[in-house]
Amino acid sequence: DWSSDVCSSDLLFDMLGMGLVAPLTPLSACLARKMIRYQDLVTKYNGHRDGDMFVPYTGNGYLGLSVSAESQIYIKNRRSLSLPVDFKPLVHLFLEGGGDSETAQVTDYLEGTVTSPQCLGGDEWTTDPVTVTSTVLAHRILSGVLIQEVKIHNPGKKVAQLSLEKLGIAQWEGATAQTKVIEHGEGGQRYTLVTGEVGPEGRRTLVSVVSKKLDSTVEVQPRMTASIKIITGVSYHEIGEADPAKLKEEVEKEAMEGVKAAAAMTWQSLLDSHSQAWRSLWTTGLGISWSYADGAVNGDRINATIYYVLSQSSSLLHEQTSQTKRTELQGYLSYAEGCYTGVRTLQAKNLWTPLSTVSQVLNVANMWLLTLEKNGCHNLLKAGADGVVQAMVLSLPGLKFSNQHLELDVHPRELHRDIMLRRVNYGNETHVNVTISVMDDNRAALFVSLDKRNRDYYACDAGCLDPPVKLGLVPVQFPVKLTDPVTAILYITADHEHMIDLKHTIHVKEVAEAPAHELHVLELHRSGGRYGGLPASFWFFIGALIIVFHLFLFKIIFNEYCAGQDRQRSRGPCPLGSSQPTPPLMKTMTTKIKHL
């Protein structure tokens, strides 16, 4: 929570009056105000800020790119968007005449966008910086379309002149460029059409990119706002044995048709269709309690990983397609038999490696898609991103569709964190919610409910020795049991007779309630098992308070000592061994005694 940390630190040192934190510059204050709106998004792990952990990225399974000054387009190469195209489509703005700037970036998982707020300052905008907000997205519905929207606000009293920079073709050897006029909006718009080959020898791909031509500068009047809307079209096909001239004509036409389709929509409907497609993917998801144990996988990394993997997968069900194709995709989505059969992915370390560069993101996405494909989820993957998110959520805790039922196949000793599975798809009309909670007695319990249903569904716990329990909208609690040999701890099905038969086919020797988790194991996840069970931040704060208290105490003692010295100097020197000057009366008495 970056903003609250900054504010609390400033407040602490201001209260101490120590002046250890310099006030924010106008540019820093401007950027902090712009970032307030994203605070809740980042805090809930529905997105991330720019930093060392996660790369800002947008993709739709057909094209993708990281968002930076040197961003280039990536296109599909087997499972991921790993084939680079030497074309840099993003526009960057600068104040003419120079000046300073501060920029941040926020990747929004729910919307599938990367937004870059920027504050520009110079001699004429010292107190009122010009703000530029750029939003980039690879459109979820129009897969060959890349969108950038730039909003500029000039709060000052003078005209702001900004220069535009777009790198475009960047060392793309053999590419050809031509100017095309595409009719849309208020009339014909001039575009640059670039076509060239990419990829290794033997697997060359022909790519066309159509990008709008822009003026080199933009002028924004005082206290006014301006916007720039940029649509880039991308199309590609493997060359193979195709006729080069015919293939070139085809990919160039597809790239321009993508721009025309996007331009035919209102700008708001274009953005809304993209947003709705992304949000529909996140209706299925997973929540997990935070763990302080070393190497634990937490919500921030889980959500970021799911987002990156989904960015490599097309939303086939949302794209414009025939009813026959849509029915086929729905069939893939409904048939999840055998998914997921491997080791639960929360424990697979190779799937949780760093995500701070594009190459790392692509490696992780490749590993995930390969793991899901080879562990029974190949049919779900054929349904596109909708199937990918279902497969990922199934794999995380160890859920598996097997022979007319859904089972949770995980050892009870692994259930030491709270986990909530939301809207797992069981056929076309039923969504299952499963929650694993560590109760006050340190034992895990299961809670199962249905979001909606097209028939009656039933559940039983490990061994299925107890009668099946009918499920509904209200969560039903089940104990976590340990069997010998170890079997699944939960079964869900719509076939009542099948569930009754299960107890005769599981073949367990013994069924008992799983033992409570040892306290030190739970404490390891709740606090890291250090600092007396309290987080390190607590002890750091206590230590800081102790140091500050002693500084104040030292200051008070030092001030009193100095004040005493000042009073002493004003009254004259003190006699040896006395802390106060001898009173006159005492001097007189001493003289008389001597005479006697």
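Here the structure is a predicted model, which means the values were calculated and not measured.

Secondary structure assignment for the protein yields 13 helices and 29 strands. Split into buried and exposed, the 596 residues of the protein put 46% on the buried side. Partitioning the intrachain contacts of the protein with sequence separation of at least 6 by distance along the chain shows that 65% fall at a separation of at least 24. Split by element, the accessible area of the protein, about 30,400 Å² in all, is 54% carbon and sulfur.

In this section: the side chain of serine 134. The topology assignment puts serine 134 in strand 10 (residues 130-138). A polar side-chain atom of serine 134 sits 3.0 Å from a polar atom in the side chain of glutamine 148. In contact with serine 134, not counting residues within four places along its chain, are Val114, Thr115, Ser116, Gln148, Glu149 and Val150.

With respect to the helices and strands, the residue glutamate 373 is situated in helix 8 (residues 358-382). Residue contacts for glutamate 373: discarding those within four places in its chain leaves Arg79, His378 and Leu381.

A full pass over the atoms with the stated rule returns 18 salt bridges. Close ionic contact of glutamate 252 with lysine 248 constitutes a salt bridge, the shortest N to O distance being 2.8 Å. Residue glutamate 252 and its partner lysine 248 are located together in helix 4 (residues 244-263), separated by 4 residues, close to a single helical turn. A network of salt bridges, in which partner residues are shared, links Arg79, Glu373 and Lys374.

Relative to the helices and strands, valine 234 resides in strand 17 (residues 224-238). C-alpha separation for the pair valine 234 and valine 251, spaced 17 residues apart in sequence, amounts to 8.5 Å. Among all residues touching valine 234, those that are not within four sequence positions of it are Tyr62, Leu63, Ile73, Ile75, Gly144, Val207, Ser208, Val209 and Ala255.

The next thing to look at is the packing of aromatic side chains. Scanning the entire structure with this criterion turns up 9 aromatic pairs. Measuring from ring centre to ring centre gives 5.5 Å for tyrosine 45 and tryptophan 290, while their planes differ by 25 degrees; the resulting arrangement is stacked. You can see tyrosine 45 sitting in the loop between helix 3 (39-43) and strand 1 (47-49) and its partner tryptophan 290 sitting in the loop between strand 18 (285-288) and helix 6 (299-311), a full 245 residues away along the chain. What makes tyrosine 45 partly exposed here is its relative accessible area of 32%. Each ring, one from tyrosine 62 and one from tyrosine 236, has its centre 4.4 Å from the other, and the planes form 25 degrees; the classification is stacked. Of this pair, tyrosine 62 sits in the loop between strand 2 (57-59) and strand 3 (63-66) while tyrosine 236 sits in strand 17, and the two are 174 residues apart along the sequence. In terms of burial, tyrosine 62 and tyrosine 236 fall into one category: buried. Members of the aromatic cluster, connected to one another through ring pairs, are Tyr57, Tyr109, Trp278, Tyr307 and Tyr308.

For the rest of this paragraph, the subject is the confidence of the model for the protein. With 88% of its residues at a pLDDT of 70 or more, the protein shows a mean pLDDT of 87. Across the protein, strand 2 holds the top mean pLDDT of 98, while helix 1 (residues 2-16) sits lowest at 33. Confidence over residues 1-21 falls short of pLDDT 50; this stretch has 16 contacts with residues more than four positions distant or in other chains.

Put simply, helix 6 and helix 9 (residues 385-395) touch, their axes get as near as 10 Å, and they point 150 degrees apart. Compared by their axis directions, helix 6 and helix 9 come out roughly antiparallel. Crossing handedness for the pair helix 6 and helix 9: right-handed. Each of Thr305, Ile306, Val309 and Leu310 in helix 6 lies in contact with helix 9, whose residues at this interface are Ala385, Val388, Val389 and Met392. Of the residues contributing to the contact of helix 6 with helix 9, the split by class is 7 nonpolar, 1 polar and no charged.

This part is about the sheet that holds strand 12 (residues 160-169). Spatially, the 3 strands line up as an open sheet ordered 6-12-16, and their pairing is antiparallel. In this open sheet, the two edge strands, each paired with only one partner strand, are strand 6 (87-95) and strand 16 (217-220). Geometrically, the sheet is characterised by an average inter-axis angle of 25 degrees between neighbouring strands, direction not taken into account. Across 7 bridges, strand 6 lies against strand 12 in antiparallel orientation. Its bridge partner lying in strand 12, leucine 93 is registered against leucine 164.

What follows is about the state of the cysteines. According to the stated counting rule, one finds 3 disulfides in the structure shown. Each sulfur of the disulfide joining cysteine 339 and cysteine 377 lies 1.9 Å from the other. Taking the torsion about the sulfur-sulfur bond, which here is approximately 85 degrees, the covalent link between cysteine 339 and cysteine 377 counts as right-handed. Taken together, the residues span a long stretch of sequence, with cysteine 339 in the loop between helix 7 (323-334) and helix 8 and cysteine 377 in helix 8 at a distance of 38 residues. When its relative accessible area of 0% is taken as the criterion, cysteine 339 is described as buried. Classification of cysteine 377 as buried rests on a relative accessible area of 0%. Note on cysteine connectivity: cysteine 460 is disulfide-linked to cysteine 464, with sulfurs 1.7 Å apart. Residue classification places cysteine 460 among the buried residues on the basis of a relative accessible area of 3%. Given the relative accessible area of 3%, cysteine 464 is considered buried. Here the protein pairs its bonded cysteines, counted in sequence order, in the arrangement 1-2, 3-4, 5-6.

Moving on: the sheet that holds strand 18. Spatially, 18-21-22-23-26 is the arrangement adopted by the 5 strands of the open sheet, whose pairing is antiparallel. In this open sheet, the two strands that pair with only one neighbour each are strand 18 and strand 26 (476-479). Averaged over all adjacent pairs, the angle separating strand axes in this sheet is 15 degrees, with direction ignored.

Analysis parameters
- Residues numbered from 1 in each chain as written.
- Predicted model: local features only at pLDDT ≥ 70, side-chain atom pairs only at ≥ 80, totals over all residues.
- Heavy atoms only, no water.
- Helix = DSSP H or I, 4+ residues; strand = E, 2+ residues; numbered from the N terminus.
- Buried < 20%, exposed > 50% of the residue type's maximum accessible area, 1.4 Å probe, protein only.
- Contact = heavy atoms within 4.5 Å.
- Areas by Shrake-Rupley, 256 points an atom, 1.4 Å probe, with all protein chains shown as cover.
- Polar contact = N/O pair within 3.5 Å; in protein donor to acceptor, adjacent residues only side chain to side chain.
- Salt bridge = Lys/Arg side-chain N within 4 Å of Asp/Glu carboxyl O.
- Phe/Tyr/Trp six-rings, centres within 6.5 Å; stacked < 30°, edge-to-face > 60°.
- pLDDT = per-residue confidence, 0-100.
- Axes fitted to C-alpha atoms, helices over the stretch in contact; angles between N-to-C directions.
- Parallel < 35°, antiparallel > 145°, perpendicular 65-115°, else oblique.
- Left-handed = near helix turned anticlockwise from the far one by under 90°.
- Nonpolar A, V, L, I, M, F, W, Y, C, P; charged D, E, K, R; others polar.
- Pairing = 2+ DSSP bridges.
- Disulfide = S-S within 2.5 Å.

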